[in-house]
Each structure stands twice: as C-alpha cells, then as structure tokens.
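Summary of the model geometry
Now for the letters of each chain:
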Amino acid sequence: MTAFFYYIMKEFQLSFEDQNISLESKIRNIRENRIPLNLILDGLTNIANIGMIFRTADAVRLNKIYLYKVKDDINLNSLRKKSRSAVEYVNHEFISDIEPLIELKKIFKFVVLEKTNLSINYYEYEYKAPICLIIGSEKTGVSNEIINLADVSLHLEMNGINSSVNVAAAASVILYDFLNKYC
C-alpha cells in the first residue's frame, strides 16, 4: 500500500467499504481535512495544465490553490471539464497583484519549483509546514518577483535531452514527494 493510503487511513480513519458513510459526509470530511500545503500557480496559461494540477491537488487533499496572474476570466466550464470537477472541491482564489502574496509570506514558507543557481534537488529537501509551493508558467517559469520572495528553490534533476518536464507533471512529483516526506 502507498504512503498516501496509509496517511488517509491513519488521519481520517476512512473505510471505503463502510456503506453507512454518505457521499455528503465523505465530501465534508475531505473539505475539512486538508494537508498543510498551499500551491501558487504563477502565470499559468494552459487550461489543461491547470485542470491537471487541480486534479492532483484534489487527490492529495491540498489545502488551497492561489492562481496568481492567471486570467480570472478563464473558461470555468472548460476548467471544470479538464479538472474532472476537482475545481469544485479544491479551495482556490484568483490573485492579480503581489500584495496578497507578501501577506501569505508572513505565514507560509515559500518553496519555488524552479532551477536556479541556488536550487537544490527536490528529493534532498525536508518539508516543514506550513508551505506555499510555487509553480511557474509553462513558458517563463516562476517570475522574478516571486523568486525574490522564496525561502528555497527546488528543481527536478533532468537526466535526458530535455531541460524540463510538463508543469503539471512537475507539480505532481513535488506534491506526492511532500506527502511521502511530511505526512
């Protein structure tokens, strides 16, 4: 069994065979019992990537997603489809300027997923909650204004020809790494 499954069973004592638990109570339990990790999506533009990140966030019970400089006029029906309705279950907020992030920085450690001169390989990092994990746009990565706020930069080691992986795939790797190390 995976570490995530043990975590769910231990923390929330859910029994998937228990026929007495209603769907509404399962959804309420999921909404109320989140992991101490938030995600900031910095300027993402691809609705399929955003949808996949919402699906992964739902799977790991991520606390909240902040969509920074992501157009708040994105087609919500399309996002609903791409996320397989996870957008309905994952707490999220659109942010258009840096001030709310500066306020978040007072509460959370900012961990950026971006290859920099000071970044460390993600598997070497020991998470200490509460955290905001920052994922950058598909084209330009994490913006300099957010890198300047970061406490640490992590990267995924690339051993092939390409210099990066898809942003949704990278986010999934880090989210499950957090679960395995922290929870």
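Up top is the structure.
Residues numbered from 1 in each chain as written. Predicted model: local features only at pLDDT ≥ 70, side-chain atom pairs only at ≥ 80, totals over all residues. Heavy atoms only, no water.

Describing the nonpolar core
Among the nonpolar cores identified, the biggest contains 37 residues, and Leu41, Phe54, Ile65 and Leu133 are the most heavily contacted of them. Elements with a contribution of two residues or more to this core: strand E1 (35-42), helix H3 (47-60), strand E2 (62-68), strand E4 (109-113), strand E6 (131-136), strand E7 (152-155) and helix H7 (167-182). In terms of residues, this core owes the most to one element, H7, which gives eight residues. Apart from residues lying up to four places away in sequence, Ile65 is in contact with Leu39, Leu41, Ile53, Phe54, Ala57, Val90, Asn91, His92 and Glu93. The next biggest cluster of nonpolar side chains, apart from the first, holds 15 residues, and it includes Ile98, Leu104, Cys132 and Ile146. (Core = buried A, V, L, I, M, F, W, Y, C linked by side-chain atoms within 4.5 Å. Buried < 20%, exposed > 50% of the residue type's maximum accessible area, 1.4 Å probe, protein only. Helix = DSSP H or I, 4+ residues; strand = E, 2+ residues; numbered from the N terminus. Contact = heavy atoms within 4.5 Å.)

Observations concerning the sheet that holds E4
Here seven strands make up an open sheet; going across it, the order is E3-E2-E1-E6-E4-E7-E5 and the pairing parallel. The open sheet has two edge strands, strand E3 (92-95) and strand E5 (120-121), and neither has a second partner. Here E1 pairs with E6 via six bridges, running parallel. Note on E6: the bridge partner recorded for Leu37 is Ile131. On top of the sheet, H3 reaches E1, E2 and E3; it is set at about 160° to E2, its chief contact. (Pairing = 2+ DSSP bridges. Axes fitted to C-alpha atoms, helices over the stretch in contact; angles between N-to-C directions.)

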